[in-house]
Structures are given as structure tokens and as C-alpha cells.
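What follows is the residue order along each chain.
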Amino acid sequence: NILAPTNQSASVYLGDSTNNSLGVIQYGMSSHATNANSMLFQTNGSERVRINSTGNVGIGTTAPLGKLGVLGNLAVGATYGAIAPPTSGLIVEGNVGIGTTVVSAKTHIVGTTEQFRLGYDATAFYSTTVGITGATTFTPSLNTTTAFNFTNAAGTSILNVDATNGFVGIGTTTPGAKLEIAGDN
């Protein structure tokens, strides 16, 4: 047993003959000022992992707000542990399921309302919904005349759908009929 007063911490120090605190496992007792009912894991003098009083686990953070909070980047997968993820980013090896336990694609999203949102910011985005019949709806968030504009690598419009009238333009961004094709070929 490792015991301490209620306003202290109980700690296990791991080290060598030159530094006796290279690693620390610490539990803050119920009245501890900053670590009440939390378990801390330290390496090389810095806290790396914390389990707080509600059971939330923090990696790189002392205040995890969810069951797992990671401050920094994360790599997930059988071989991705040896790959550096992007700064404050995530890389995943394998498939990802959201709203489903049967994952059959790289990204598999299931839900009865908006399933996917792709956007520039909080106000300029497209939301996507797949209905019960399989029909897909793409809805722009802003009142814009262009519903879709497909471009090539140089940024030249190849196919354009006008949101106000449903006109489709190939080779033009201002179609004047249900289908307008511009160009020589």
C-alpha cells in the first residue's frame, strides 16, 4: 500500500542513480489542490497521460473533456504507429465507420439526417443526405447561383450546374438552356 494524507499525492518514482524521478505514477487524493482523484503518468519530468476523477483519459492534456482527449496528433493502425501524422491531425490505416458497426468502405457513414458536410468554414458548405431510397441530395448552405462547378487542375470550369434554374453548362459557367455545351469538340 502507498498511502498519503487527503490533501497530498501518493507517488511511485522510477529512476536511476543520477535521477530518481525519470518516471512517476501519481494519484492525487480527494482534497489535493490540482490533482484531486486523478492518476498521472510522467516521463522525463513531464506529465504524459492523466485519468481524471470521471474516468476521462487525457494524452497531452491535463483536462480531458471526453472519454479520450488527445492534444496533438494521432496515428491509428497496425503499421501507422511508426508514421508521423500531420501536426494536430489524424491518420487512420484501414476503414472508418461513423454511426455503424458494419464498416465496408474507407469511410462509411450511416445516419437518418445530414450525413456529411464539406465546407470552407462554418457558413459556406455543402451538406449531403442519402435518403431511404438511396437518392443523394447535395445542398449548398449559401444562396449562390452555382450549385456545382467541376474544374480541371488549372481551375477551368468543365461542368457547371446553375442553382437558380437547374441549367447545366459544359465548357461554360453561364448556361442559358437546360443543357449548353460550349467549345469546338
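Below, the structure is looked at part by part. (Residues numbered from 1 in each chain as written. Predicted model: local features only at pLDDT ≥ 70, side-chain atom pairs only at ≥ 80, totals over all residues. Heavy atoms only, no water.)

### Considerations on the pairing of strand 4 (residues 46-51)
Selection rule: The rule for pairing is simple: two strands pair if DSSP sees at least two bridges between them. Under the scheme used here, helices are H or I runs from DSSP no shorter than 4 residues and strands are E runs no shorter than 2 residues, and both carry numbers assigned from the N terminus.
As judged from the five bridges shared by strand 3 (residues 39-43) and strand 4, these two strands associate in the antiparallel manner. Of the residues in strand 4, the one forming a bridge with Thr43 is Ser46. Counting the residues that bridge the hairpin from strand 3 to strand 4 gives two residues, and of these Asn44 lies at a positive phi of roughly 50°. Here strand 4 pairs with strand 5 (residues 57-59) via three bridges, running antiparallel.

### Brief notes about the sheet that holds strand 14 (residues 146-151)
Put simply, the test is: Think of each axis as a best-fit line through the C-alpha atoms, taken over the contacting stretch in the case of a helix, with angles from 0 to 180 degrees between the N-to-C directions.
Pairing is mixed across the open sheet formed by four strands, whose spatial order is 14-15-16-17. The open sheet terminates on both sides in strands that have one partner only, identified here as strand 14 and strand 17 (179-181). The average undirected angle you get between the axes of adjacent strands in this sheet is 10°. In this structure, strand 16 (residues 168-170) lies alongside strand 17, joined through three bridges in parallel fashion. Looking across to strand 17, one finds that Val168 is bridged to Leu179.

### What to know about the sheet that holds strand 1 (residues 9-14)
Pairing in this open sheet of six strands is mixed, and the strands run 1-2-3-4-5-6 from one edge to the other. Strand pairing shows two members of the sheet lacking a second neighbour, strand 1 and strand 6 (68-70), which therefore form its edges. Across the sheet, the mean angle separating the axes of adjacent strands is 20° when strand polarity is ignored. Strand direction decides the pairing type here: strand 5 and strand 6, joined by three bridges, are parallel. Bridge pairing links Ile59 to Val70 in strand 6.

### Overview of unusual backbone geometry
Trans peptide bonds make up most of the peptide bonds, and negative phi angles are found at most residues other than glycine. To be explicit about the condition: Burial here depends on accessible area, computed with a 1.4 Å probe over protein chains only, as a share of the maximum for the residue type. Under 20% is buried, over 50% is exposed, and the range in between is partly exposed.
Although it is not a glycine, Asn44 adopts a positive phi angle of roughly 50°. Counting through the fold element by element, Asn44 comes out in the loop between strand 3 and strand 4. With a relative accessible area of 63%, Asn44 lands in the exposed category. Positive phi, close to 50°, is recorded for Ser88, a residue that is not glycine. As for its placement among the helices and strands, Ser88 is situated in the loop between strand 7 (74-76) and strand 8 (90-92). Residue class for Ser88 comes out exposed when judged on its relative accessible area of 62%.

The values are spatial; any link to function lies outside them.
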